[in-house]
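Tertiary structure, described
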Amino acid sequence: MLTSPWFHWNYDLVSASKNAPPIRKGFVGYAARILQLALIHQGFSLPKSTAKHGSPDGRYGQETKSQVMVFQKRHKLSRDGVVGQNTMKKLDELIRDRWVAPKPIGGPGDAVKATDNARIAILQTLSSSFVQNINFHFQGTSISGRHYVAVQQAVYDDVIQVETKKLHYGLGKYIPSEDLVQLPFYTANTYKRRSAIVHELTHAIIDQRAITMTTVKSESIAWIAQCLFLQMNGVDELRPGFGMVAWPVYAAANSCARSWRKSHRFQDYQVDELATAIKSVPQYAAQPSFVGDGFATAV
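Here goes a summary of the coordinates provided. (Residues numbered from 1 in each chain as written. Predicted model: local features only at pLDDT ≥ 70, side-chain atom pairs only at ≥ 80, totals over all residues. Heavy atoms only, no water.)

Let's talk about the sheet that holds strand β3 (residues 161-164)
In spatial order, the strands read β3-β5-β4; together these three strands make up an open sheet with mixed pairing. Looking at which strands have only one partner, the edges of the open sheet turn out to be β3 and β4 (173-175). Geometrically, the sheet is characterised by an average inter-axis angle of 20 degrees between neighbouring strands, direction not taken into account. (Pairing = 2+ DSSP bridges. Helix = DSSP H or I, 4+ residues; strand = E, 2+ residues; numbered from the N terminus. Axes fitted to C-alpha atoms, helices over the stretch in contact; angles between N-to-C directions.)

Written out as structure tokens, the structure is:
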């Protein structure tokens, strides 16, 4: 467990401390800025990474990897340039100062660029082993980890666009006709937010495969995927829930997710309860059927 004020609050660094996953060359985001600042704090120079902004750029490139390797050598750790469990543990032991956020730089992983951050939050969430272990069948439609890998690539390639926008209901929205994910947040720093990303990108899976279905079915699938993700992260009773409107939907979907994890089937009464809960939400009741158009190669 990380305890340093520099690290313990950041999801990516906590995940790296568990090798789930570690942070390596190619990573872009706020966690990389923190690591770069930590290296500088320990006396390791990063002139290329700080040249543009006068502050670390949040890009885990060759310079950062090389300095991590020097740090690892100094502390008798495996010299692989990857920040995982042992490297994070040593940094956590060494740096006990109060955390002071670096100045905004207006680049990837920086709060000034909300849309860039939201896109990074999606990419990082979908790279989770928990997401890639989601695998279930609902009324003839299958959802599996390989589908999330495919939509992750679509986000990376900008085939799926990302937008931050204040939304009246819920924690996100996927618009199949525009290949667009809308999120009211730009950091995935809670299980609730990461599960909302799973929910919306589950709709993207349906869109990618050009499947048309009722709103009730598409929302049932997305909510079950969301609850499976939460349960695999050890969250079986999320409180507070999703507000008074969506709370019955979450409760019914969570019951379905428990049943699938236990017996790999859904009980008929659970499916009916979920459908009833979804129909009671005004936002869902006003939506037309979900129409996927196969925006990318189907998988």
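Details of the side chain of S49
Considering the arrangement of structural elements, one finds S49 in helix α3 (residues 47-50). Looking at S49, its side chain comes within polar contact range of the side chain of E63, at 2.7 Å. Setting aside anything within four residues of it in sequence, one finds S49 in contact with Q36, S55, P56, D57, E63 and T64. (Polar contact = N/O pair within 3.5 Å; in protein donor to acceptor, adjacent residues only side chain to side chain. Contact = heavy atoms within 4.5 Å.)

Considering the nonpolar core
In this structure, I122, F136, Y148, I160 and L201 are the most contacted members of the largest nonpolar core, which totals 57 residues. For this core, the secondary structure elements donating two or more residues are α6 (114-126), β1 (136-138), α8 (145-156), β5 (180-183), α9 (191-208), α10 (215-232), α11 (243-263) and α12 (268-279). Once residues within four sequence positions are removed from consideration, F136 is found in contact with T141, S142, I143, I221, I224, A225, L228, W260 and F266. Membership of the second largest hydrophobic core comes to 25 residues, among which are A32, L39, L46 and V68. (Core = buried A, V, L, I, M, F, W, Y, C linked by side-chain atoms within 4.5 Å. Buried < 20%, exposed > 50% of the residue type's maximum accessible area, 1.4 Å probe, protein only.)

Overview of the side chain of D12
Note on placement: D12 falls in helix α1 (residues 11-16). Of the side chains with opposite charge, R194 lies nearest to the buried D12, which makes no salt bridge, at 7.5 Å. (Lys, Arg positive; Asp, Glu negative; His and termini not counted. Salt bridge = Lys/Arg side-chain N within 4 Å of Asp/Glu carboxyl O.)

Overview of unusual backbone geometry
The amide bond that connects A20 to the next residue, P21, takes the cis arrangement and shows omega of -5 degrees. Of note, P21 is situated in the loop between α1 and α2 (30-41). Of note, A210 is a non-glycine position whose phi angle comes to about 55 degrees, a positive value. You can see A210 is positioned in the loop between α9 and β6 (212-213). Overall, the relative accessible area of 43% leaves A210 in the partly exposed class. Of note, the phi angle at H264 is positive, near 55 degrees, even though the residue is not glycine. Locating H264 in the fold gives a position in the loop between α11 and α12.

Re the pairing of β5
Here β5 shows two buried faces, one formed by L180 and Q182 and the other by V181 and L183. Examined bridge by bridge, β3 and β5 share four bridges and lie parallel to one another. If you follow Q161 over to β5, its bridge partner there is L180. Pairing analysis gives three bridges linking β4 to β5, with the strands arranged antiparallel. By the bridge assignment, K173 is partnered in β5 with Q182. Following β4, the chain reverses through four residues before pairing antiparallel with β5; D179 in that reversal takes a positive phi of roughly 50 degrees.

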